[in-house]
Amino acid sequence: MHIVVCIKQVPDTAEVRIDPERGTLIREGVPSILNPLDAYAVEGAVALTERNGGTATALCMGPPQAEAALREAIARGCDRAILLTDRAFAGADTWSTSYALACAVRKLGDVDLVFCGKQAIDGDTAQVGPGLAVHLGWPQATYVRRIIEATDEAVAVERLTDWGNETLRVGLPAVLTVLKDLNFPRLPSLVSQMQARRCPVERWGAGDIDGDAAQFGLDGSPTRVVKVFTPPVRGACVVWQGEPQKTAAKLIETLRREALI
Amino acid sequence: MALRIDHAACTLCLRCIEECPYGALAQLEDRIAVGEACTFCGLCVEICPVAAISIEAKETERAEAGRGAVLVYGEHHEGRLHHVVFELIGKGAELATTLRCPLEVVVAGHGLPDVCAQLAGLAVDTVHLVEHPALAQYRDGPFGRTLAHLIGELRPAIVLAGATGRGRSLMPRVAVLCRTGLTADCTGLEIESETGDLLQTRPAFGGNVMATIVTRRHRPQMATVRPKVMTPPERKGTARPRVRRWAVPSELTASRTQVLARQAGDQGPVNIAEADVLVAGGRGLGGPEGFKPLAELAALLGGELAASRAVVDAGWVPYERQVGQTGKTVQPRLYVAVGISGAVQHRAGMQSSETIVAINSDPDAPIFQFADYGIVGDHREVLPALIERLRAARAAEGAEDE
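Residues numbered from 1 in each chain as written. Chains lettered and ligands numbered in written order. Predicted model: local features only at pLDDT ≥ 70, side-chain atom pairs only at ≥ 80, totals over all residues.

For chain A, the count of helices and strands is 6 helices and 15 strands. Principal-axis analysis of the C-alpha atoms gives chain A an extent of 65 × 40 × 40 Å. Within chain A, the proportion of its 261 residues that are buried is 54%. (Helix = DSSP H or I, 4+ residues; strand = E, 2+ residues; numbered from the N terminus. Buried ≥ 20, exposed ≤ 12 C-beta atoms within 10 Å, placed from the backbone.)

Next comes the structure, spelled out in structure tokens:
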């Protein structure tokens, strides 16, 4: 079984501090990390190849420094890593990103299953996984919380929906986007980290994947960001302290006045 | 495309370097240099005080005249339309009025009950009913192809769907099939007066930044919209929309996906993303028993129980109630956080809530930096006091009613 896990490198929001006066993010010196939700996808893919045999290939589109995210995926058990990197890919929206990833998966050729995290913590769109599935012409299961069974023909998964759980049987090849609930990602050991440092990361550019160059990057993206702004800053917090009966009364009175209760 | 910096205009204030989310900018002697990490997000363009930065993209030709309708995707569960559909109709009617175009709804399924009755008295001109035995159970694949097919036939200017679990899985498929743009989780939609294009505003970076996105040259313009953000319209009269029935070519409904089972969670369906009031607990509650009074408070406020990552990981509360980066993003009218310190990851999932109340024993907890109201105190004393007062108020109201 050949499993591809798609990952993204994102700014580490845990390292982001808030400018108390402007209420905005202080982004200076913020390190880049493997998208936290992708760690569950990596673990899911690696665990499945360990159980069923096969290989797990990590695939990432991003600038050259995104190689670090791929090395982490290797340290967490992936067998092979491919970085899709080219100025031609820059500025891609979810349509164009999923297109380029689909071209890369197609080039790999014998892929049975693609794992993605639920979404990336910078864009929060959750659109690349389903987009990738359609570009490949494959079915999908999103919000997967449990893999019940995986054979060469199909996977049975449990997914979390707005209404509870749904169990699906999806014929392969297919795309899964997974939740944190799926597993407990292993921490890379010191040895595996050393190995990952030496492991080659293949670099594929726009010319290496068989795709329509007009669909890549910003030029191939139907959407444009026309404005970015910080949301209105909340007023200072009104804080009550002291006798619980009194503070509770003040809170209830306030919520009532604002018709919140 | 390229990021252009007008070095003559640049004052080297370095704000762009500070604010770049991707660390793509650097100072190289007396110039700002653009690194490979640049994703053309446009934040630097926006914040540059002297307008020295611009993005140069290939000139895009205008979209073909989009005079079609505003089309709302009618998500339903066994024929009952989801409340977000009515919220979308409210917003869609506004957009349709501005664009002077019809407002239409598409509902797909099999053996649907009278959907039109649910849409009576609203500003919907036409309901497109698509029925096929293969659509009896919802599945992303067949529903996506069906919707894309209908969009191809109808050529709407705008397609709106709820940013529900279903909408967020379905619409990205439809957008790729239609070769058009899709903006996820919008909280604001309006028509740009000069162009008639749809301005789609959404939170990004866990709600720390708002971005306005536009689809210039592709149609339809597609957006998923967060539930409970738009206002449902009032019903006027009982007039029903016109119905148009569609057959689906069978090749669209073929699928390798089978639904084996569907069941609601242990305590019935829980969807904290759509609750009006959430009462969330964190590690500060000390243990699973700390959630008992919290559940009571949630019930008294007419809300749902939610939790931070720490307590979900500890197994005190099931995952479907987790708020934050690795859980759900919520936007209730009232969010009460008890014993939650307010780490950035938690904040990312709830900071768009209308009103935030924090109860915490640590006056320096970060949650007080972005809450509207706070009580510094021990939850073991504050919660019983709140519950007692709310109960008393409830009893008094009950007595008045009699």
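On to the sheet that holds strand β13 (residues 198–204) of chain B. One open sheet accounts for 4 strands, arranged β14(A)-β14(B)-β13(B)-β12(B); its pairing is antiparallel. For this open sheet the edge positions go to β14 (223–229) of chain A together with β12 (188–191) of chain B, each flanked by a neighbour on one side alone. When the angles between neighbouring strand axes are averaged without regard to direction, this sheet yields 25°. (Pairing = 2+ DSSP bridges. Axes fitted to C-alpha atoms, helices over the stretch in contact; angles between N-to-C directions.)

Turning our eyes to something else, we now look at the interface of chain B and chain A. Taken together, the 92 residues of chain B in the interface contact 82 residues of chain A. A total of 9 residues in the side of chain B that touches chain A trace back to one element, the largest contributor, which is helix α6 (residues 165–177) of chain B. Residues belonging to the side of chain B that touches chain A are distributed by class as follows: 44 nonpolar, 30 polar and 18 charged. Note: strand β15 (residues 238–241) of chain A against strand β22 (residues 373–376) of chain B, 4 bridges, orientation parallel. Each bridged residue has a counterpart across the sheet, and for Q241 of chain A the counterpart in β22 of chain B is V376 of chain B. (Contact = placed C-beta atoms within 7 Å. Nonpolar A, V, L, I, M, F, W, Y, C, P; charged D, E, K, R; others polar.)

Residues and elements named next belong to chain B. Relative to each other, helix α5 (residues 140–154) and α6 sit at 45°, their axes nearing to 9 Å. Put simply, α5 runs oblique to α6. The way α5 lies across α6 gives a crossing that is right-handed. Facing α5, whose interface residues are D140, F143, G144, R145, L147, A148 and I151, α6 presents S169, L170, R173, V174 and L177. Residue composition of the contact of α5 with α6, grouped by class: 7 nonpolar, 2 polar and 3 charged. (Parallel < 35°, antiparallel > 145°, perpendicular 65-115°, else oblique. Left-handed = near helix turned anticlockwise from the far one by under 90°.)

Okay, the domain arrangement of chain B next. Accessible area lost on assembly of the parts is the figure often given for the size of an interface. Here chain B is described as being made up of domain 1 (2–56), domain 2 (70–252) and domain 3 (272–401). With centres defined by C-alpha atoms, the gap from domain 1 of chain B to domain 2 of chain B works out at 38 Å. (Domains from an automatic or database assignment.)

With that out of the way, let us pick up the packing of helix α3 (residues 94–108) of chain A against helix α4 (residues 128–136) of chain A. Residue and element names in this part refer to chain A. Look at α3 against α4: their axes get within 8 Å of each other, and the N-to-C directions meet at 50°. In terms of their interaxial angle, α3 and α4 are classed as oblique. Viewed along their axes, α3 and α4 form a crossing whose handedness is right-handed. Contacts from T94, W95, T97, S98, Y99, L101, A102, V105 and R106 of α3 reach α4 at V128, G131, L132, H135 and L136. Across the contact of α3 with α4, the residue classes break down as 8 nonpolar, 5 polar and 1 charged.

Before going further, it helps to examine unusual backbone geometry. Here L172 of chain A and P173 of chain A are connected by a cis peptide whose omega angle stands at 0°. Topologically, P173 of chain A is positioned in the loop between β11 (164–171) and β12 (174–178). Backbone torsion omega between R219 of chain B and P220 of chain B reads 0°, so that peptide bond is classified as cis. With a phi close to 55°, D185 of chain B is a non-glycine residue in the positive phi region. Mapped onto the secondary structure, D185 of chain B falls in strand β11 (residues 182–186).

Residues and elements named next belong to chain B. Spatially, the 7 strands line up as an open sheet ordered β11-β15-β10-β5-β8-β9-β16, and their pairing is parallel. The sheet is open, and its two borders are formed by β11 and β16 (242–246), each paired with just one other strand. Within the sheet, the average angular offset between the axes of one strand and its neighbour, ignoring direction, is 20°. Here β11 runs beside strand β15 (residues 221–225); their pairing, made up of 3 bridges, is parallel.

This part is about the pairing of strand β1 (residues 2–7) of chain A. Residues and elements named next belong to chain A. Of all 6 residues making up β1, 5 are buried, and the element is well covered by its neighbours. Across 6 bridges, the pairing between β1 and strand β6 (residues 55–61) is parallel. By the bridge assignment for β6, H2 is matched with T55.

Turning our attention to the confidence of the model for chain B. Residue and element names in this part refer to chain B. Taken residue by residue, chain B gives an average pLDDT of 91. The fraction at 70 or more is 95%. Low pLDDT (under 50) marks residues 59–66, which in the prediction has 11 contacts with non-local residues, meaning those over four places away or in another chain. As scored by the predictor, the complex reaches a pTM of 0.89 and an ipTM of 0.94. (pLDDT = per-residue confidence, 0-100.)

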